[in-house]
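Letter by letter, the chains look like this.
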Amino acid sequence: VFSESVSDHVIRQVCLSSGDTAYRFFTLMLPLLCFCHRYDLLSLYFLLQSCPATQPSMLNVHLVPHTHDDVGWLKTVDQYYYGDRNDIQHAGVQYILDSVLEQLLADPTRRFIYVETAFFFRWWRQQDSATRKAVTMLVNEGRLEFVNGGWCMSDEATTHYSAVIDQMTLGLRFLNDTFGACGRPRVAWHIDPFGHAREHASMFAQMGYDGFFFGRLDYQDKARRIRDKDMEMVWRASESLTPPTADLFTGVLPNGYNPPAGFCWDQSCNDPPIRDDPNLEDYNVDNVAKMYRTNHIIMTMGSDFQYENANLWYKNMDKLIRYVNAKQSQGSKVNVLYSTPSCYLQGLHQANLTWSVKMDDFFPYADGPHDFWTGYFTSRPALKRYERLSNSLLQVCNQLEVLGGPNSRKGPYGEGDSDTLQEAMSVAQHHDAVSGTEKQHVANDYAKRLARGWAHCETLVSNALATLSSWEAPREYCLSLNISVCPATENSYKFFLTVYNPLSRMVSWPVRLPVNGSDYMVLQPHGQVLDSQVSLIMAASSIMVSHCYAIKRSVRIFVSSLLKGTQEVGFQPGYNASDGNSADSNQPSGAYIFRPNSSTPIIVSQTAKTYTLKNSVVQEVQQEFSPWVSQVVRLYWGSRELELEWTVGPIPVEDSLGKEVITRLDTNINSSGYFYTDSNGREMLERRKDFRPTWDLKQSEPVAGNYYPINSRIYIKDKVNQLTAVTDRSQGASSLQDGSLEIMLHRRLLYDDVRGVGEPLSEPGDDNKGLVVRGRLLLALTPPKDAADIHRPLAEALVLEPLLAFQTGEAHIVAFHFPFQFSGLQASLPPAVHLLTLSQWDQESVLLRLEHQFQVTESPTNSQPVTVNLKKLFSTLEVVGVSEMNLSANQWKDEMNRFDWKTSGGIVTFSTGNTNEKGIFGMCQSCLHKCEVF
């Protein structure tokens, strides 16, 4: 365990545990990385001192001027920034920032907050030194406050925690490097995402945020909270981490993120301006004040892409403040002021009240009895898969950039970088990107950005592999293996395959390659023949005449276990989507909303064309239910999990009915209405059919109202068996019957769901006949006590898949004179430890995150604390110094100070510094400085 007196050049051991030692980070502070954090307490003092004075005996109304700038939705990112395509939506972010700056400089009492660093970064680069100096002054004085601070405002249902951490780190690093401690956000701000994940709150807490505010809350939950004055609470966001490590003060905004009715003064609004009438008879805050417990209420003054003409807003808010406060001389007890979320949170903290504790999450979200926002959990499944693969490639790219050294960025294949893919991935985490709730042309733009990032990373990876192998032969990457297309293998009778495993332990991974021959031999790195088979591939509707070269690399052997009992695997029914023409509601299914027209799924087919295959590598059953639905049930020899590969599409709509296709797994497990889903791929949460932990649910949609997001897995269990399904992308899932799991795979809809996107979710595909999507599930049937030891590594391996690089030509294959095997680690890490991040921070330091990935009590063995020796971690890097940082790498851990809150369970105080507390499920992040390659 690290001692507090460890010097800069001494490496000892790190204990990954829960409590205050969770999410541990270690960084040596060099002058170029001195983020002014030594002045954090002083900067925080001045920040809070800059808050306008409030009146203790009055109701203080905090006006928070803001704009919500989607990083893509109806228009692309570029179109939003430049104000292009205003025929779709009038919005130009560059003009918003220009206009706000002018108005803030005109009056020192005015305030403004900004969220999306992706836009601000672009705007900042275009400003001259005088403008930058003025903006820095506003930030230092607290008049311009950054909240949230990530590259985007991420979705909370369909994002994986690793990608969220990366995008937050990217945005926060820019703010830190540019403005120092005064630019560091203290409040998380998710005003638009469609439901809220517990893991997001946990991450925000461990990034050092004091509070979290959001806008969307289930209509029944909101009614209950308004009635009980429980709109603000402390969210205990982890059952594994010792409080208050993952505790976060959380508040629900009264008007979503819009201004009160009648007080929208943007050029896009129709509300009348204030006509210098001091009576202001329509201004009434009593109804809002009744929802909250203190004498402070917050009013969001702004909305989507507003403040392009900021003068309209500020001129009317100036009058509002002046005239309302003038009535105080007549006995009024209302005080209106310009404010920010941090200043509002300070007022709540000073109230010193005891707050309720929230321990579950805020899914699913509904804004009406038949309006459940659970369709987007699956919307655009191909984009969701591409995003997941891009995350895997980014981690490979980051790792090889470190291991390959400077030659990886500029080498025999040209100049490569990880930054392009990092920025594209960060944009893709936006709540209208990977969520699938954008217009089609915007979805295409997200995919193009990812593809551009792939190209940059492939160059970097090729350079790194050439450096590590001393072999500069051209390398190719097959990006269409999911449809059995790879020119390097199909057009060459000899080829060389490099497999890079980004995980910190050996894995057993099947490699399937398309070839145009029937007799192949696979040689291992040292010349041994590896068992392989050539087999026919089944297409969705026919047998293809091409072949698949299946290679099973037996790095680790599992005990064989087939699914036994009465389990029925992979029957594909689906729901016909509502068109909105029903007596109960006119709400149709759409990109956001899932609303089937019946609670009983429509069976695609009662029978299937079946083909079987059995050889020394794999057993499989190929099933074709219809020309547009097929699956392969596959079991590799020596493997413990069953693979279910599904292919769906083009979904037929000639019957004028949209369709939502599911796969259902029926078993004899006595699940008693309970099932379990992951939160952003990390901790598991217990679910119960037709039930919410914090209010009495009146269920009006028995299917959609029981769907939850899954990022990596879902399971059901009884005392004897647990069936776990591990996914390769984010999807929606449920258990509507005891012993049954269902997962939504694909959607094609004919109506817009009237939530703003303005077009049906009917992805055309390349031929305009509808999109074909292929994916897979890994199924494991185990005793419950052993389940986590299986599904944790499985989920980890699906998130970070091996990278395949191909080289062709006989000359490159004949002489094996280069290193055939390389490992960046001296030895595999323990099963409980996951190398989450290894990336280049600057020329002399790298960022390292080590994660204890097992939840408390879920594994008798692997839920225990684990010790890792950083000095003996890497094979080619010499670690000469480490220091601990917070999760987002923008604060020294021992200087991270957060508000303490009194809760119904007692006073919770946030502590800082290193501790020796033991526990589990922590993450460890460090910046390893001056890592030398030798």
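Placed above this text is the structure.
Residues numbered from 1 in each chain as written. Predicted model: local features only at pLDDT ≥ 70, side-chain atom pairs only at ≥ 80, totals over all residues. Heavy atoms only, no water.

1. Re the overall build of the chain
Then step 1. Counting its secondary structure elements, the chain contains 17 helices and 46 strands.
Then step 2. Summarising the internal contacts of the chain: among those between residues at least 6 apart in sequence, 77% fall at separations of at least 24.
Then step 3. Total accessible area on the chain is roughly 33,700 Å²; 50% of this is exposed by carbon and sulfur atoms. (Helix = DSSP H or I, 4+ residues; strand = E, 2+ residues; numbered from the N terminus. Contact = heavy atoms within 4.5 Å. Areas by Shrake-Rupley, 256 points an atom, 1.4 Å probe, with all protein chains shown as cover.)

2. Quick look at the nonpolar core
Then step 1. In this structure, F120, V135, W189, M301, Y307 and Y314 are the most contacted members of the largest nonpolar core, which totals 151 residues.
Then step 2. L503, V511, L513 and L778 belong to the second-largest nonpolar core, a separate cluster that totals 23 residues. (Core = buried A, V, L, I, M, F, W, Y, C linked by side-chain atoms within 4.5 Å. Buried < 20%, exposed > 50% of the residue type's maximum accessible area, 1.4 Å probe, protein only.)

3. Some points on the sheet that holds strand β10 (residues 334-338)
Then step 1. As summarised here, the arrangement of the 3 strands in space is β9-β2-β10, forming an open sheet in which the pairing is parallel. For this open sheet the edge positions go to β9 (296-301) and β10, each flanked by a neighbour on one side alone. When strand polarity is set aside, the average angle formed by the axes of neighbouring strands in this sheet is 25°.
Then step 2. Where strand β2 (residues 59-65) meets β9, 6 bridges bridge the pair, whose relative direction is parallel. Looking at the pairing, V64 lines up with T300 of β9.
Then step 3. Seen against the sheet, helix α10 (residues 310-326) touches β2, β9 and β10 and runs at an angle of roughly 155° to β10.
Then step 4. Across the sheet, helix α11 (residues 341-351) touches β2 and β9, and the angle it forms with β9 is around 165°. (Pairing = 2+ DSSP bridges. Axes fitted to C-alpha atoms, helices over the stretch in contact; angles between N-to-C directions.)

4. Considerations on the side chain of K75
Then step 1. Inspection of the secondary structure assignment puts K75 in the loop between β2 and α2 (77-82).
Then step 2. Here Q89 takes part through its backbone oxygen, which lies 2.9 Å from a polar atom of the side chain of K75.
Then step 3. Filtering out sequence-adjacent residues up to four positions away, K75 remains in contact with Y80, G83, D84, R85, N86, I88, Q89, A91, H441 and V442. (Polar contact = N/O pair within 3.5 Å; in protein donor to acceptor, adjacent residues only side chain to side chain.)

5. Comments concerning the sheet that holds strand β30 (residues 684-688)
Then step 1. Pairing within the open sheet is antiparallel, and its 9 strands lie in the order β24-β25-β26-β27-β36-β33-β32-β29-β30. Edge strands, defined here as strands with exactly one partner in the open sheet, are β24 (609-614) and β30. Each adjacent strand pair in this sheet contributes to an overall mean axis angle of 20°, direction not counted.
Then step 2. Bridge analysis of strand β26 (residues 629-636) against strand β27 (residues 642-648) gives 6 bridges, and the strand direction is antiparallel. Of the residues in β27, the one forming a bridge with V633 is L644.

6. What about the environment of Q79?
Then step 1. Note that Q79 resides in helix α2.
Then step 2. C-alpha separation for the pair Q79 and V442, spaced 363 residues apart in sequence, amounts to 9.9 Å.
Then step 3. Once residues within four sequence positions are removed from consideration, Q79 is found in contact with D84, R85, A91 and H441.

7. Thoughts on the pairing of strand β32 (residues 713-717)
Here is the key point about a regular strand: its side chains alternate between the two faces of the sheet.
Then step 1. A large share of β32 lies buried, amounting to 4 of its 5 residues.
Then step 2. In this structure, strand β29 (residues 674-678) lies alongside β32, joined through 2 bridges in antiparallel fashion. Note that in β32 the partner of Y676 across the bridge is Y715.
Then step 3. Note that β32 and strand β33 (residues 722-727) share 5 bridges and pair antiparallel. Paired with I714 across the strands is A725, a residue of β33.
Then step 4. In sequence, β32 turns back onto β33 through a hairpin of 4 residues.

8. Some points on the pattern of salt bridges
Then step 1. Using the criterion set out here, one finds 45 salt bridges in the structure.
Then step 2. Linking D78 and R449 is a salt bridge whose minimum nitrogen-to-oxygen distance equals 3.0 Å. Residue D78 is located in helix α2, and its partner R449 is located in helix α14 (residues 440-469); the two are separated by 371 residues in the primary sequence.
Then step 3. Looking at D78, the relative accessible area reads 32%, which means it is partly exposed.
Then step 4. Of the residues examined, R449 reaches a relative accessible area of 14% and is grouped as buried.
Then step 5. Put simply, D210 and R186 hold a salt bridge, and the shortest N to O gap is 2.7 Å. Separated by 24 residues along the polypeptide, D210 in the loop between α7 (198-206) and β6 (211-214) and R186 in the loop between α6 (161-179) and β5 (187-190) bring together distant segments of the chain. Like R186, D210 is buried.
Then step 6. Each of D221, R224, R225, R227, D228 and D230 takes part in salt bridges that share partners, so that together they form one network. (Salt bridge = Lys/Arg side-chain N within 4 Å of Asp/Glu carboxyl O.)

9. As for the side chain of S435
Then step 1. Topologically, S435 is positioned in the loop between α13 (419-428) and α14.
Then step 2. A polar side-chain atom of S435 sits 2.9 Å from a polar atom in the side chain of T437.
Then step 3. If we skip the residues at most four places from it in the chain, S435 touches D155, T158, F194, Y376, S379, K384 and H430.

10. So, a nonpolar patch on the surface
Then step 1. A grouping of M521, L523 and V529 is seen on the molecular surface, where their side chains present a nonpolar patch of about 300 Å² in accessible area.
Then step 2. Tracing the sequence through the fold places V529 in strand β18 (residues 529-530). (Patch = residues over 30% accessible without salt bridge, like charges linked within 9 Å, V, L, I, M, F, W, Y side chains within 5 Å.)

11. A closer look at the state of the cysteines
Then step 1. All told, the structure shown has 4 disulfides when counted by the stated rule.
Then step 2. Paired through a disulfide, C51 and C343 show a sulfur-sulfur distance of 2.0 Å. Where C51 bonds to C343 through sulfur, the torsion about that S-S bond is close to -85°, and the disulfide is left-handed. Of this pair, C51 sits in the loop between α1 (40-49) and β2 while C343 sits in helix α11; the two residues are 292 residues apart in sequence, bridging distant segments of the chain. For the pair formed by C51 and C343, the shared burial category is buried.
Then step 3. Two residues share a disulfide in this structure: C478 and C486, whose sulfurs sit 1.8 Å from each other. Given an S-S torsion of about 50°, the disulfide between C478 and C486 has right-handed geometry. Taken individually, C478 and C486 each receive the classification buried, so the pair is uniform in this respect.
Then step 4. If you count the bonded cysteines of the chain from the N-terminus, they pair up as 1-4, 2-3, 5-6, 7-8. (Disulfide = S-S within 2.5 Å.)

12. Topic: the packing of aromatic side chains
Two descriptors summarise a pair of aromatic rings, namely the distance from one centre to the other and the angle between the planes of the rings.
Then step 1. According to the stated counting rule, one finds 44 aromatic pairs in the structure shown.
Then step 2. Arranged with centres 5.5 Å apart and planes meeting at 75°, the rings of F204 and Y209 form a pair that is edge-to-face.
Then step 3. Residue class for F204 comes out buried when judged on its relative accessible area of 1%.
Then step 4. With a relative accessible area of 1%, Y209 lands in the buried category. (Phe/Tyr/Trp six-rings, centres within 6.5 Å; stacked < 30°, edge-to-face > 60°.)

13. Side note on α6
Then step 1. Over its 19 residues, α6 extends 27 Å from the first C-alpha to the last, a length consistent with the 27 Å expected when each residue adds 1.5 Å.
Then step 2. Counting buried positions along α6 gives 15 out of 19 residues, so the element sits mostly inside the fold. (Expected span 1.5 Å × (residues − 1).)

14. Observations regarding the packing of α6 against α13
Then step 1. Their axes nearest at 9 Å, the elements α6 and α13 cross at an angle of 110°. In terms of orientation, α6 lies roughly perpendicular with respect to α13. When you trace α6 past α13, the crossing you get is left-handed. When α6 is examined against α13, the residues A163, D166, Q167 and L170 are found in contact with a partner set consisting of Q422, E423, M425 and S426.
Then step 2. Split by residue class, the contact of α6 with α13 holds 3 nonpolar, 3 polar and 2 charged. (Parallel < 35°, antiparallel > 145°, perpendicular 65-115°, else oblique. Left-handed = near helix turned anticlockwise from the far one by under 90°. Nonpolar A, V, L, I, M, F, W, Y, C, P; charged D, E, K, R; others polar.)

15. What about the environment of L170?
Then step 1. Mapping L170 onto the fold places it in helix α6.
Then step 2. When its relative accessible area of 23% is taken as the criterion, L170 is described as partly exposed.
Then step 3. C-alpha of L170 to C-alpha of D419: the two residues are 249 residues apart in sequence and 9.7 Å apart in space.

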